[in-house]
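# Structural characterization, general
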Amino acid sequence: MHNKTITELAKDLRAKKYSSVELTQFFLDRINQHQALNCFISVSEESALKQAKAADIKLAKGEATALTGIPVAQKDIFCTQGIKTSCGSKMLDNFIAPYDATVIEKFNQAGAVMPGKLNMDEFAMGSSNETSYYGPVKNPWNLDIVPGGSSGGTAAAISARLVPAATGTDTGGSIRQPASLCGITGLKPTYGRVSRYGMIAYASSLDQGGPMARSAEDAALLLQTMAGFDPKDSTSVDSEVPDYSATLNDSIEGLKIGLPKEFFSEDLNGDIAAVIEATVNEYKKLGAEVKEVSMPNLKLAIPSYYVIASAECSANLSRFDGVRFGYRCDKPADLTDMYTRSRGEAFGPEVKRRILMGTYALSAGYYDAYYLKAQQVRRLISDDFNKALSEVDVLMGPVSPSTAFAIGEKSGDPIQMYLSDIYTIAINLAGLPAMSIPAGFADAKPVGLQIIGNYFAEARLLNIAHQYQQVSDWHKQAPKGFE
Amino acid sequence: MSLTADDVTKIAHLARLGIDTQDIENYAKDLSNILNLMTQMGELDTEGVQPMAHPLDQVQRLRPDEVKEDNQREHFQAIAPQVENGLYLVPKVID
């Protein structure tokens, strides 16, 4: 059951080969067997089996949707009523939300079953899943390497077949980079396509939730459920949601692919460059044309991103003050002592670093030099993308400059860690949709291909990814011990 | 551009963020390195470039100022650590 796609599982459920309760119990047992990966922060066995029973009734009545009865785990950044939402932080270790995030509501309405909440970097700040209060997640391809971050728990759980699919969020690459490092498919939708209501905010102008699965076909089913206008989210975009599965089989003959030359500099590992080149050649065989494009301001994406993300994080995380919810220090002397000690005791070092950086960048006298400048650079980067995407249909390139690195290798050097997001961050600044799909291996570790599209071109991206997955089997390969 | 331990202490105070004394030097070093990275933006002439605050340049959507939410006091208080007579109990922090 663990190697089947969502479509295959849904078909089996309808044919009564097994019930949703049996399917859910199977995956709960598998999650339990592989606790060493540390993918889950909470396993919600009781409520999952209750949801599965309800799904079986819907299936029997013929009222099921594509996801009814299918286990779909949730990144622990989405608020879930009655089940802990920690966001990977000690700050929220005791937080049980009184409401569901819109994304959770939508999965519930679709009849999906939530087996648990997935591990993640604290408040989604990290590129390796080492900053979680609940410890690092292990990459199933090699237990000594990172799964990527911040949706590392999601990527590792899907790669190890602990769940068929799950959600992630992407502020600077947190869906695509772990998808790449764990050999799965991940899609960051256009900013505003998926509601952020009930998704704990890190950097509000960059954060975007999206689907992670083993194939583009499964990701399309998840996005269909997640996408859509939400009046509760003031950044949600009111535009029609297409049928993402309907166009998966469209021909990509004549597709114009742009390769940004800045993505292929000497910083890119040669083995990864070779994998990307081979994949692009496969696309040529499918009828695509390839053209080199240039994005001259791309090199400033990292400084611009870290100013904007840190500034927004310092504002968003000011709500965690020990007063209303979350961690509170013991026996505070006065109000300031309560704020300072609650925050100091409950936030980890990376979160503190970004709060400090953001507070500095926004403080009197530095706003113009950092924040305003970063927003101007952001505009120029966005213009670069607009120009490139006016010449071609999509851009392709690597997701990450290296394959998954060893646990602990970069955790002492924030700059090295930040540079590992060099190919993903600019897309968030521009708000564009982008995917990572399995494209091969380098040094026995998975390598992802990044496909970047124009605003709201998710259906086209899924189509392009699916067409490649019809002629390749990288997405079907499982790590040893998890087949 | 580099930050001193005093700078970090001042920023931490502005952010109401407790930092252990033995960690201050490390934060000063890391933040100085990150600031150097950020200073690279100074190489680019951005004179007259319109700042981009929102990826889609959308304006903030407004809604009529109407009460829509039901009173959910009991529901919210069900998860509070301490409640008495419909009120939240919190430790005394102001004399």
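Residues numbered from 1 in each chain as written. Chains lettered and ligands numbered in written order. Predicted model: local features only at pLDDT ≥ 70, side-chain atom pairs only at ≥ 80, totals over all residues. Heavy atoms only, no water.

### Details of the overall build of chain A
The helix and strand tally for chain A stands at 15 helices and eleven strands. Compactness check: chain A gives a C-alpha radius of gyration of 21 Å against a globular reference of 23 Å for 483 residues, within 12% of the reference. Oriented by its inertia axes, the alpha-carbon framework of chain A measures out at about 65 × 55 × 45 Å. The proportion of buried residues among the 483 residues of chain A is 65%. Expressed as a percentage of contacts within chain A between residues at least 6 apart in sequence, the contacts between residues at least 24 apart total 76%. For chain A, the accessible area works out to roughly 15700 Å², and carbon and sulfur atoms hold 50% of it. Averaged over its 47 positive side-chain charges, chain A has a centre that lies 3 Å from the centre of its 54 negative ones. (Helix = DSSP H or I, 4+ residues; strand = E, 2+ residues; numbered from the N terminus. Rg over C-alpha atoms; globule rule 2.2 N^0.38 Å. Buried < 20%, exposed > 50% of the residue type's maximum accessible area, 1.4 Å probe, protein only. Contact = heavy atoms within 4.5 Å. Areas by Shrake-Rupley, 256 points an atom, 1.4 Å probe, with all protein chains shown as cover. Lys, Arg positive; Asp, Glu negative; His and termini not counted. Charge placed at Lys NZ, Arg CZ, Asp CG, Glu CD.)

### Points about the environment of N33(B)
Following the sequence through the fold, N33(B) ends up in helix 2 (residues 24-39). Note: C-alpha distance between N33(B) and M1(B) (32 residues apart in sequence) is 8.3 Å.

### Describing the pairing of strand 8 (residues 289-293) of chain A
Residue and element names in this part refer to chain A. Across five bridges, the pairing between strand 7 (residues 256-260) and strand 8 is parallel. Following the sheet pairing, L259 is matched in strand 8 by E292. In this fold, the crossover linking strand 7 to strand 8 by way of helix 8 (residues 270-285) has right-handed handedness. (Pairing = 2+ DSSP bridges. Right-handed = clockwise from strand over helix to strand, strands pointing away.)

### Some points on the nonpolar core
Residue and element names in this part refer to chain A. Among the nonpolar cores identified, the biggest contains 148 residues, and F123, Y283, F385, M396, I451 and L462 are the most heavily contacted of them. For F385, the contacting residues outside a window of four places in its chain are M295, L395, A426, I427, A430, L432 and I452. With 21 residues, the next largest nonpolar core counts I31, F40, A156 and M212 among its residues. (Core = buried A, V, L, I, M, F, W, Y, C linked by side-chain atoms within 4.5 Å.)

### What about the pattern of salt bridges?
Residues and elements named next belong to chain A. Evaluated as defined, the whole model comprises 17 salt bridges over all chains. K17 is the salt-bridge partner of D12, the closest N and O atoms lying 3.6 Å from each other. Judged by relative accessible area, D12 falls into the buried class, the value being 7%. Measuring nitrogen to oxygen at the nearest pair gives 3.2 Å for the salt bridge that ties R341 to D337. (Salt bridge = Lys/Arg side-chain N within 4 Å of Asp/Glu carboxyl O.)

### A few points about the UniProt feature "domain: Amidase" (unreviewed entry) in chain A
In this structure's numbering, the residues bearing the UniProt feature "domain: Amidase" (unreviewed entry) are residues 22-462 of chain A. Secondary structure content for residues 22-462 of chain A is 37% helix and 13% strand, while the C-alpha to C-alpha distance between its ends is 31 Å. (UniProt positions renumbered as here; feature names shortened; annotations may be inferred.)

### Considering the side chain of T102(A)
Residue and element names in this part refer to chain A. Secondary-structure assignment places T102 in helix 4 (residues 102-110). Judged by its relative accessible area of 6%, T102 is buried. Within the local environment of T102, its side chain forms a polar contact with the side chain of D230, the two groups lying 2.6 Å apart. The residues touching T102, leaving out its near neighbours within four places in the chain, are S195, Y197, D230 and K232. (Polar contact = N/O pair within 3.5 Å; in protein donor to acceptor, adjacent residues only side chain to side chain.)

### Concerning the state of the cysteines
Residues and elements named next belong to chain A. A full pass over the atoms with the stated rule returns zero disulfides over all chains. There is no disulfide at C182, and the cysteine sulfur nearest it, in C39, is 8.2 Å away. Take C182: its relative accessible area is 0%, and that puts it in the buried class. (Disulfide = S-S within 2.5 Å.)

### Looking at the interface of chain A and chain B
Contacts between the two partners involve 64 residues from chain A, matched on the other side by 45 residues from chain B. Between chain A and chain B, roughly 4800 Å² of surface is buried when both sides are summed, and carbon and sulfur atoms account for 70% of that area. The interface formed by chain A and chain B includes one salt bridge. A salt bridge links D30(B) to R353(A), with the nearest nitrogen and oxygen atoms 3.2 Å apart. At the junction of chain A with chain B, the criterion picks out 15 residue pairs in polar contact (both at pLDDT 80 or more). Every element with two or more residues in the side of chain A that touches chain B is listed here: helix 9 (301-316), helix 10 (335-346), helix 11 (349-362), helix 12 (367-391), helix 13 (414-419) and helix 14 (425-430) of chain A. (Buried area = accessible area lost by both parts, 1.4 Å probe.)

### A word on helix 1 (residues 6-14) of chain A
Residues and elements named next belong to chain A. Restricting attention to buried positions, one finds in helix 1 the residues I6, L9, A10, D12 and L13. For helix 1, the buried positions fall inside an angular range of 160 degrees around the axis, keeping them on one side. Looking one or two residues beyond helix 1, the residue adopting positive phi is K16, at roughly 60 degrees. (Arc of directions from axis to C-beta.)

### Section: the packing of helix 11 of chain A against helix 1 (residues 5-14) of chain B
Packing of helix 11 of chain A against helix 1 of chain B brings their axes to within 9 Å, and their N-to-C directions diverge by 90 degrees. Comparing their axes, helix 1 of chain B and helix 11 of chain A come out roughly perpendicular. Together, L356(A), T359(A) and Y360(A) of helix 11 of chain A and V8(B), I11(B), A12(B) and L14(B) of helix 1 of chain B make up the contact between the two elements. A class-by-class count of the residues in the contact of helix 11 of chain A with helix 1 of chain B yields six nonpolar, one polar and no charged. (Axes fitted to C-alpha atoms, helices over the stretch in contact; angles between N-to-C directions. Parallel < 35°, antiparallel > 145°, perpendicular 65-115°, else oblique. Nonpolar A, V, L, I, M, F, W, Y, C, P; charged D, E, K, R; others polar.)

### Digging into the UniProt feature "active site" (unreviewed entry) in chain A
Residue and element names in this part refer to chain A. According to UniProt, the feature "active site" (unreviewed entry) maps to K75, S150 and S174 in the numbering used here. Spanning 100 residues, the named residues form one tight spatial group whose C-alpha atoms are at most 11.3 Å apart. Position of K75 relative to the elements: it lies in strand 2 (residues 72-75). Among the secondary structure elements, S150 is positioned in the loop between strand 3 (116-118) and helix 5 (152-159). Contacts of S150, omitting those with residues within four sequence positions, involve K75, N119, M120, D121, A124, M125, G126, N129, T169 and S174.

### A few points about the packing of aromatic side chains
All names here are of chain A. Tallied over the full model, the rule gives 18 aromatic pairs over all chains. Geometrically, the ring pair formed by F123 and F347 is edge-to-face, given 5.8 Å between the ring centres and 70 degrees between the ring planes. You can see F123 sitting in the loop between strand 3 and helix 5 and its partner F347 sitting in the loop between helix 10 and helix 11, a full 224 residues away along the chain. There is no split in this pair, since F123 and F347 are both buried. In textbook terms, an aromatic cluster arises when at least three aromatic residues are bridged by ring pairs, as seen for F95, F123, F320, F325 and F347. Geometry around F405 places K410 over its ring, the cationic atom sitting 4.4 Å from the centre. (Phe/Tyr/Trp six-rings, centres within 6.5 Å; stacked < 30°, edge-to-face > 60°. Lys NZ or Arg CZ within 6 Å of the ring centre and 35° of its normal.)

### What about the confidence of the model for chain B?
Should the pLDDT be low somewhere, the predicted coordinates at that spot are not to be read in detail. Considering every residue of chain B, the mean pLDDT works out to 90; 99% of them sit at 70 or more. Reported for the predicted complex are a pTM of 0.96 and an ipTM of 0.93. (pLDDT = per-residue confidence, 0-100.)

### Observations regarding the sheet that holds strand 2 of chain A
In a beta sheet, neighbouring strands pair by backbone hydrogen bonds and run either parallel or antiparallel. All names here are of chain A. Strand order in the open sheet formed by eleven strands is 1-3-2-4-6-5-10-11-9-7-8, with mixed pairing between adjacent strands. Edge positions in the sheet fall to strand 1 (40-43) and strand 8, since each has one partner strand and no second. Adjacent strand axes in the sheet meet at a mean angle of 30 degrees, parallel and antiparallel pairs treated alike. Inspection of the sheet shows strand 7 paired to strand 9 (residues 394-398) by two bridges, in the parallel sense. Residue I257 lies in a different strand from strand 9, and its bridge partner there is V394.

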